[in-house]
Amino acid sequence: MTQSEAAPRLTSGYWRLWWATGINSVGDGAFAAAVPLLAVTVTRDARLVSVVSAATFLPWLLLSLPAGVLVDRYDRVRLMWRAQAIQAVIVGAIAILVAFDRIDVPVLAVLAFALGACTVVFSNAAQAVLPDLVAKPLLHQANGHQQAITTVGLQFAGPPVGGLLFAIGAALPFGLDAASFALSAVLLASLARPGVPRAGGHPPMRAAIADGLRWLARHRLLRILAVLLGVNTFCWQLGNVSLVLLATQELHLDAPGYGLLLAGAAIGSLLGGLTGALVVERLGALPALLAALVTNVVTFAGIGLSPNAIVLGALLAVTGFVTTLWNIVTVSLRQQIVPSELLGRVNSVYRMLGWGLMPLGALAGGLVAHTFGVHAAYPVAGALRGIFLLVALPVLVRAMRE
């Protein structure tokens, strides 16, 4: 056996995807920092500001299932770079409208929905194409690198650049994001075509969606993980909605201090992305997954009881680490288990279930914080996660061992 056969390596195609992800993440981080700043310059009505955020996530509920069919039906690489190219045009239009002071909430909401729709297609296609670029033994490592570069762009590099550029000129961060989309599209357009669909006719859209739904419903392990993800994201939003109040009102942090606090979670996520594959290799997929789930139950309870900002930041870092570990294990499992011709549709169902409860979690968190105080939301979320984990644990362990 040669050395290359004994130790497979990440391919140049994968690294091209990695660079595209990193460049795009920096632009998205700048965009994420600039949009709230732009929204409050357009209106001071919190309800209108929230419309923009809702419009961004609404495509995951409305379009995820048909997007999964497209990912399984057409060239995945072409879908990715075309989605990025369209996003470059959309964000470029936002930059022009902002530069000429022609932006308002309805226009921003429509453009945010269009961006979100492209993100649904791109994200599903990127996860589905990765197994064609990477050998199965390297999937945990590849997904860890993807998580790490996304964290660096979205949480470290992009937001401060976006805030600085917005202070210089409101249109500049949107111009940067448009350029990042365009450069990412160029990189992906030159990528080899590993995801070209098989020849032959395709079933109608409704039948194709039903195939993905049935496949996930019949696979016990992924079905359990999808439900767990939905509960976890519900609980994450339930707690997270009170974080800014907990930090600023109870622990008396100012705006820069709050930014440093969020950096704690980002550092944990980055470390999780860099070392998650090693953790899975040492512990195994099942122990790593269970460790992540149990740790998040404990840290959620602790976050609400944090006596000072240092403890709170440390707990957020731990949460960021184990959440990234969960993502590495579960994404890799789907890529290993689901047949390639169904991966887009199964991913779309899985992620729709995972993201669909987030708005309800935010509403529940606001109600809990209003009724019982801002310290209560995270412990309540931790308790709910713990109860559901105890119920699901026997079935999860049995399914993972099988």
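Cut-offs and rules
Residues numbered from 1 in each chain as written. Predicted model: local features only at pLDDT ≥ 70, side-chain atom pairs only at ≥ 80, totals over all residues. Heavy atoms only, no water. Helix = DSSP H or I, 4+ residues; strand = E, 2+ residues; numbered from the N terminus. Core = buried A, V, L, I, M, F, W, Y, C linked by side-chain atoms within 4.5 Å. Buried < 20%, exposed > 50% of the residue type's maximum accessible area, 1.4 Å probe, protein only. Contact = heavy atoms within 4.5 Å. Lys, Arg positive; Asp, Glu negative; His and termini not counted. Salt bridge = Lys/Arg side-chain N within 4 Å of Asp/Glu carboxyl O. Expected span 1.5 Å × (residues − 1). 1 Å grid on protein atoms, 1.4 Å probe; cavity = no way out; pocket = protein on both sides within 12 Å on 5 of 7 lines; lining within 4 Å. Points joined across faces, edges and corners; volume = space filled by probe spheres on them. Nonpolar A, V, L, I, M, F, W, Y, C, P; charged D, E, K, R; others polar. Phe/Tyr/Trp six-rings, centres within 6.5 Å; stacked < 30°, edge-to-face > 60°. Lys NZ or Arg CZ within 6 Å of the ring centre and 35° of its normal. pLDDT = per-residue confidence, 0-100. Patch = residues over 30% accessible without salt bridge, like charges linked within 9 Å, V, L, I, M, F, W, Y side chains within 5 Å. Areas by Shrake-Rupley, 256 points an atom, 1.4 Å probe, with all protein chains shown as cover. Arc of directions from axis to C-beta.

A. Summary view of unusual backbone geometry. The backbone phi angle of Asp101 is positive, close to 55°, even though this residue is not glycine. Among the structural elements, Asp101 can be located in the loop between α5 (76-99) and α6 (105-133).

B. Just the nonpolar core, in detail. Membership of the largest hydrophobic core comes to 91 residues, with the highest contact counts inside it found for Met80, Ile94, Val134, Phe174, Leu225, Trp326 and Leu396. In terms of residue count, α6 provides more of this core than any other element does, 16 residues in total. Setting aside residues no more than four positions away along its own chain, Met80 makes contact with Leu17, Phe122, Ala125, Ala126, Val129 and Leu188. In this structure, Leu312, Leu316, Val368 and Ala381 belong to the second largest nonpolar core, which totals 21 residues.

C. Geometry of the side chain of Arg334. As for its placement among the helices and strands, Arg334 is situated in helix α14 (residues 309-337). An unpaired buried charge is present at Arg334: no salt bridge exists, and Asp72, the closest side chain of opposite charge, is 11 Å distant. Contacts of Arg334, omitting those with residues within four sequence positions, involve Gln127, Leu222, Leu343, Asn347, Tyr350 and Arg351.

D. Focus on helix α10 (residues 220-240). Under the 1.5 Å per step criterion, the end-to-end length of α10 is 30 Å for 21 residues, consistent within 8% with the ideal 30 Å. Among the 21 residues in α10, 15 count as buried, and that is most of the element.

E. Focus on empty space enclosed by the protein. Here the structure, examined in full by the defined rule, presents one cavity of 30 Å³ or more. Size it by volume and the largest cavity reaches roughly 30 Å³. Every residue along the wall of the largest cavity is listed here: Asn232, Leu293, Val297, Arg385 and Leu389. For the lining of the largest cavity, the secondary structure elements donating two or more residues are α13 (285-304) and α17 (377-401). Within the lining of the largest cavity, the residues separate by chemical class into three nonpolar, one polar and one charged.

F. Representation of the packing of aromatic side chains in the model. Overall, the coordinates contain five aromatic pairs when judged by the stated rule. A centroid spacing of 5.2 Å and a plane angle of 70° characterise the contact between Tyr14 and Trp15, whose relative ring orientation is edge-to-face. Among the residues examined, Trp15 registers a relative accessible area of 32% and is labelled partly exposed. Relative to Trp19, the ring of Trp18 lies with its centre 5.3 Å away and its plane at 85°, an arrangement referred to as edge-to-face. The ring of Tyr350 has Arg334 sitting right over it, with the charged end atom 4.0 Å from the ring centre. Note that Arg385 overlies the ring of Phe300, its terminal NZ or CZ placed 5.0 Å from the centroid.

G. Region of interest: the confidence of the model for the protein. Mean pLDDT over the protein: 85, with 93% of residues reaching 70 or higher. Per-residue pLDDT, averaged within each element of the protein, yields its smallest value for helix α1 (residues 3-6) (48) and its largest for α5 (94).

H. Expanded view of the environment of Val395. Relative to the assigned elements, Val395 resides in helix α17. In this structure, Val395 is in contact with Arg220 and Ile224, ignoring residues within four places of it in sequence.

I. Seen up close, a nonpolar patch on the surface. On the surface, a nonpolar cluster with roughly 270 Å² of combined accessible area is contributed by Leu58, Leu61 and Leu62. Examined against the element boundaries, Leu62 turns out to sit in helix α3 (residues 46-62). What makes Leu62 partly exposed here is its relative accessible area of 49%.

J. How the structure looks around helix α16 (residues 358-372). The end-to-end C-alpha separation of α16 is 21 Å, in line with the 21 Å expected for 15 residues at 1.5 Å each. For α16, the complete set of buried residues consists of Met358, Gly361, Gly365, Val368 and Ala369. The buried residues of α16 occupy one face: seen down the axis, they fall within an arc of 95°. Exposed side chains of α16 directed beyond 90 degrees from the buried face belong to Pro359, Leu363, Leu367 and His370. Of the surrounding secondary structure, the elements contacted by the buried residues of α16 are α10, α15 (343-356) and α17. Backbone geometry just after α16 places Gly373 at a positive phi near 105°.

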